[in-house]
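# Geometric and topological summary
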There are 2 protein chains.
Amino acid sequence: MDIKEVLSSKEKFLAYYESVHPADIAAEIGEWEPEDLQKMCTYLSDEDLAEVLEQCDDDEREDIAGQVDDDRLVRLFEHMQKDDIADCIGLLPTARKKALMNRMTADDRRVIAKLLQYPEESAGGIMTTAYIALKETLSISQALQKIREIGPKTEVIETLYVINVHRQLVGTVDLRDLLAAPKDATVQSITDNDVISVHPEVDQEEVASLVAKYDLKSIPVVNARSAILGIITVDDIIDVIIDEYDEDILQMAGVSKEESIDTTLGESIRMRLPWLMINLATAFLASFTVKMFQSTIEQVVALSAVMTIVSGMGGNAGTQTMSILVRDLSHDEVHTKQAVRALIKEILLGIIDGASTGLVTAVIVYFMYGNFYLSLIVLLAMIGNLVIAGIFGLLIPLTLKKLNADPAIASSIFLTTATDVLGFFIFLGLATVFLQKLV
Amino acid sequence: MDIKEVLSSKEKFLAYYESVHPADIAAEIGEWEPEDLQKMCTYLSDEDLAEVLEQCDDDEREDIAGQVDDDRLVRLFEHMQKDDIADCIGLLPTARKKALMNRMTADDRRVIAKLLQYPEESAGGIMTTAYIALKETLSISQALQKIREIGPKTEVIETLYVINVHRQLVGTVDLRDLLAAPKDATVQSITDNDVISVHPEVDQEEVASLVAKYDLKSIPVVNARSAILGIITVDDIIDVIIDEYDEDILQMAGVSKEESIDTTLGESIRMRLPWLMINLATAFLASFTVKMFQSTIEQVVALSAVMTIVSGMGGNAGTQTMSILVRDLSHDEVHTKQAVRALIKEILLGIIDGASTGLVTAVIVYFMYGNFYLSLIVLLAMIGNLVIAGIFGLLIPLTLKKLNADPAIASSIFLTTATDVLGFFIFLGLATVFLQKLV
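Residues numbered from 1 in each chain as written. Chains lettered and ligands numbered in written order. Predicted model: local features only at pLDDT ≥ 70, side-chain atom pairs only at ≥ 80, totals over all residues. Heavy atoms only, no water.

## Thoughts on the nonpolar core
- Counting 149 residues, the largest nonpolar core has A:Phe13, A:Met40, A:Ile64, A:Ile232, B:Phe13, B:Met40 and B:Ile64 as its most contacted members.
- If we ignore the near neighbours within four places in the chain, the residues touching A:Phe13 are A:Val6, A:Leu7, A:Ile25, A:Trp32, A:Met40, A:Tyr43 and A:Leu44.
- Formed by 68 residues, the second largest nonpolar core is a distinct cluster that contains A:Val300, A:Leu438, B:Val365 and B:Ala381. (Core = buried A, V, L, I, M, F, W, Y, C linked by side-chain atoms within 4.5 Å. Buried < 20%, exposed > 50% of the residue type's maximum accessible area, 1.4 Å probe, protein only. Contact = heavy atoms within 4.5 Å.)

Printed below as a string of structure tokens:
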């Protein structure tokens with residue numbers, strides 16, 4: 001499908017729009033030129049454009065907001081959920097943000113201002129105010145009437161939130177029970193008081209863990225005195241899980257989470273080069289270590305070929321441990337007791353895996369160079385470096401977590417610095433000690 | 001909390017059970033001893049134990065099934081959803097599987113047998129049969145009556161599935177609309193015919209992409225003639241997303257997805273050592289490359305310190321590209337046009353990033369060794385290796401995807417083999433050519 005062709009007339013584009021889901025359009029427009037976007041904004045009704053806007057990521061939301069004037073934007077907001085409006089407004093320059101807020105009704109302005117005050121990646125930042133709260137004193141028939149009225153404007157109706165006279169969350173009602181209950185019973189009589197909730201400042205990753213663990217379809221957000229502020233729905237949780245994992249995968253490799261296969265050359269350079277420069281600094285650390293032993297290598301040049309095996313294997317073994325930790329830390333806390341047990345295990349594992357791979361290496365090296373001591377040194381260095389790899393692979397993510405940093409951030413650079421520098425140091429150091437036996 | 005203490009009497013354990021969520025118990029029992037599990041199974045009622053069983057992962061399900069006899073297991077199944085029963089039965093040895101199936105009613109046996117026939121990681125393997133299908137000819141009041149009756153046994157009631165006389169899925173009804181519609185209207189009049197569905201053989205990862213993209217709370221599974229077979233609910237999709245990402249993070253590093261911080265030493269060795277042995281083979285490839293140039297290094301020993309910078313930087317740059325691809329491929333297809341554009345970009349990026357880091361390296365190397373030609377060689381080799389890194393970082397995941405393998409599997413090993421071997425080859429090869437200028 002050629003989008004230029006589709007956008008050449010309003011009729012063609014509307015026919016196309018009807019044939020797909022707004023999420024399909026939202027997924028595409030990141031690749032459009034500004035004039036294509038301009039055309040789409042002109043063709044679509046407020047309601048349809050609002051739907052596309054709701055489905056978009058931040059970048060595309062900014063692009064669309066840039067194509068329409070304040071009048072239109074306010075009209076679009078009338079068709080959107082409050083949390084999406086707050087997200088959109090949060091992206092705009094302060095002057096435009098204020099201008100738009102001033103055009104809203106006092107009620108809307110209050111809600112949006114409240115939503116905007118929470119950090120973007122907190123429970124408050126991702127919650128919606130489109131939920132149904134039932135007073136516990138309502139009768140079942142009154143509750144059903146309320147659901148009929150406001151249900152169409154809410155994101156979840158399967159679970160209804162029950163509040164007392166102080167607007168405090170006291171429990172939930174399953175719509176199944178409500179439909180089956182006698183009409184004159186009270187909501188209180190079918191309320192389930194076991195309800196898992198979060199405070200607005202809780203990190204979105206923690207909210208996602210709760211939702212995943214307890215198979216929730218929504219989770220209420222309450223303030224310190226238990227008053228309900230909003231709910232977080234499972235579709236937003238899916239976005240959180242995907243974002244956090246994407247971040248982990250990319251950050252371990254030193255890539256910005258903003259980058260994708262479609263990122264332009266200039267952007268890719270801007271995002272990747274700084275990380276490569278940092279890596280270069282650590283590569284020089286490893287290089288200096290080798291240079292320290294230059295006179296040893298001069299006498300036994302075989303060392304230069306064998307040392308790369310020791311350093312490389314350390315990097316591989318350490319990455320195994322590190323990946324497991326980054327994964328585990330994304331799901332759960334790791335307790336001190338667990339960490340200590342894991343540290344002992346990693347040391348033993350380093351010894352055993354190091355001895356196994358070291359022995360194979362020693363045998364092959366013996367056949368290549370015919371020197372028993374060179375083989376012995378490789379074996380010892382391999383054990384040493386795999387123990388180091390296990391220790392650093394475990395401690396780097398744990399330390400980053402303790403410092404409240406993402407365990408994935410830059411963990412690979414610390415790790416390879418350790419396994420390269422120490423790997424070369426142990427191997428070439430041992431070679432220097434045994435130099436008489438090697439030459 | 002000391003679990004041994006809690007399990008010391010039935011009263012204590014039941015009090016504890018009441019104070020937590022079954023999912024909390026399920027998350028714990030992986031670390032219990034068999035006798036603890038035995039005690040729990042004795043203490044809990046069929047209904048409660050069934051709930052724990054539903055919340056468990058495969059390993060713990062097997063453990064629990066091992067602690068109870070067939071009689072008890074059949075009684076537990078009476079409290080469980082059909083898809084969970086099928087998952088449990090699928091884990092058991094064939095003989096026990098048959099014995100259990102024979103005790104079921106013919107109806108149940110038919111449903112379970114059908115669910116068991118789909119691969120575990122397909123749409124059919126994760127679907128549930130606990131949904132509400134409404135005939136389109138029903139009146140609203142008949143539909144409401146049906147929802148009241150079977151709603152409590154279903155996983156989703158917010159979306160109801162509408163079928164025609166041939167049991168073909170024709171659309172969905174939103175419960176909000178049903179509650180608001182006049183009692184004597186037909187279901188057909190409020191049916192939304194735009195419904196996204198999947199076939200049972202579709203891979204679970206693809207299903208997860210659809211659910212995430214279109215913000216679905218459930219997705220119906222239909223056969224080739226559009227008859228509805230089941231639905232997949234969003235909580236199962238979250239599990240799929242988490243599993244697939246965990247797999248990606250760990251497989252890139254050559255770790256089994258089964259491993260966690262709590263895995264025993266023996267298991268860790270069994271799971272990690274084979275991968276390290278494969279890595280060792282490729283490390284020798286790099287080592288052989290260096291050995292090929294031994295006489296060059298013998299004459300210019302500085303090369304041994306500088307060559308590690310070139311190979312290391314190639315690995316880093318390639319990992320950046322590879323991570324972006326693995327991430328992108330987990331969300332979407334990459335089209336040939338996109339791939340070609342990306343390949344050209346990666347080559348240019350390799351040249352620019354290689355020239356930038358290479359220039360810095362060349363300057364530092366000049367200050368260290370005072371040889372202009374050595375600096376020139378480092379610069380050229382860095383550009384060459386970063387271009388190679390970009391090409392392999394892009395093509396390895398794409399090729400694995402084309403071969404229908406997971407793009408994350410073993411991608412790092414192919415990549416570092418390429419960047420190490422070719423990095424050493426380019427650098428030491430250039431050094432050999434310019435040898436007269438270096439000594």
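So, next bit.
## Examining the relation of the copies chain B and chain A
- Of the transformation superimposing chain B on chain A, the axial component is 0.0 Å and the angular component is 180°, with the fit at an RMSD of 0.1 Å. Taken together, the turn and the small shift mark the pair as related by a two-fold rotation axis.
- A share of 99% of interface residues in chain B that are also interface residues in chain A marks the association as one of identical surfaces. (Least-squares fit on C-alpha atoms with pLDDT ≥ 70 in both.)

## Quick word on the UniProt feature "domain: CBS" (unreviewed entry) in chain A
All names here are of chain A.
- Sequence positions flagged by UniProt for "domain: CBS" (unreviewed entry) are, in local numbering, residues 127-189 and 190-247.
- Counted over residues 127-189, helix gives 27% and strand 22%. Its end C-alpha atoms are 28 Å apart.
- Secondary structure content for residues 190-247 is 41% helix and 19% strand, and the end C-alpha separation is 42 Å. (UniProt positions renumbered as here; feature names shortened; annotations may be inferred. Helix = DSSP H or I, 4+ residues; strand = E, 2+ residues; numbered from the N terminus.)

## Quick look at a negative patch on the surface
- A surface patch of like charges, here negative, comprises A:Asp215, B:Asp57, B:Asp58, B:Asp59, B:Glu62, B:Asp63, B:Glu120, B:Asp239, B:Asp243 and B:Glu258.
- Those elements that place two or more of their residues in the negative patch are α6 (58-67) and α15 (234-252) of chain B.
- Here the negative patch takes four residues from α6(B), the largest share from any one element.
- Along the chain, B:Asp57 turns up in the loop between α5 (46-55) and α6. (Patch = residues over 30% accessible without salt bridge, like charges linked within 9 Å, V, L, I, M, F, W, Y side chains within 5 Å. Areas by Shrake-Rupley, 256 points an atom, 1.4 Å probe, with all protein chains shown as cover. Salt bridge = Lys/Arg side-chain N within 4 Å of Asp/Glu carboxyl O. Lys, Arg positive; Asp, Glu negative; His and termini not counted. Charge placed at Lys NZ, Arg CZ, Asp CG, Glu CD.)

## Some details on the interface of chain B and chain A
- Every contact between the two is made by 111 residues of chain B and, on the other side, 110 residues of chain A.
- Along the contact surface separating chain B from chain A lie eight salt bridges.
- Residue B:Arg327 is joined to A:Asp246 by a salt bridge in which the shortest nitrogen-to-oxygen separation is 3.8 Å.
- The tally of links between chain B and chain A comes to 38 residue pairs in polar contact (both at pLDDT 80 or more).
- In terms of residues, the side of chain B that touches chain A owes the most to one element, helix α18 (residues 302-331) of chain B, which gives 19 residues.
- When the residues that make up the side of chain B that touches chain A are grouped by side-chain class, the tally is 61 nonpolar, 24 polar and 26 charged. (Polar contact = N/O pair within 3.5 Å; in protein donor to acceptor, adjacent residues only side chain to side chain. Nonpolar A, V, L, I, M, F, W, Y, C, P; charged D, E, K, R; others polar.)

## A few points about helix α4 (residues 34-43) of chain B
All names here are of chain B.
- Along α4, the residues that are buried comprise Asp36, Leu37, Met40, Cys41 and Tyr43. Taken around the axis of α4, the buried residues stretch over an arc of 165°, which confines them to a single face. Exposed and facing more than 90 degrees away from the buried side of α4 are Pro34 and Thr42.
- Looking at the buried positions of α4, the neighbouring elements they touch are α1 (3-6), α2 (10-19), α3 (22-28), α5, α6 and α7 (70-77). (Arc of directions from axis to C-beta.)

## Brief notes about the pattern of salt bridges
- Inspection of the entire model under this criterion finds 42 salt bridges over all chains.
- For A:Asp70, the salt bridge goes to A:Arg96, with nearest N and O atoms at 2.8 Å. One end of the pair, A:Asp70, is in helix α7 (residues 70-77); the other, A:Arg96, is in helix α9 (residues 94-102), and 26 residues separate them in sequence.
- Its relative accessible area of 19% is what places A:Arg96 among the buried residues.
- Between B:Glu35 and B:Lys4 there is a salt bridge; the shortest N-O distance is 3.9 Å. Of this pair, B:Glu35 sits in helix α4 while B:Lys4 sits in helix α1, placing them 31 residues apart in sequence.
- Residue class for B:Glu35 comes out partly exposed when judged on its relative accessible area of 44%.
- Overlapping salt bridges bring together A:Glu158, A:Asp174, A:Arg176 and A:Lys217 as one network.

## Some remarks on the domain arrangement of chain A
- Its domain assignment divides chain A into domain 1 (3-117), domain 2 (133-233) and domain 3 (265-438).
- Here the C-alpha centroids of domain 1 of chain A and domain 2 of chain A sit 30 Å apart. (Domains from an automatic or database assignment.)

## A closer look at the packing of aromatic side chains
Residues and elements named next belong to chain B.
- On inspection of all chains with the given rule, the structure shows 19 aromatic pairs over all chains.
- Aromatic pair Phe13 and Tyr16: ring centres 6.2 Å apart, planes at 55°, arrangement tilted. Of this pair, Phe13 and Tyr16 both sit in helix α2, three residues apart, which is roughly one turn of the helix.
- In this structure Phe13 comes out as buried when scored by relative accessible area, which is 0%. (Phe/Tyr/Trp six-rings, centres within 6.5 Å; stacked < 30°, edge-to-face > 60°.)

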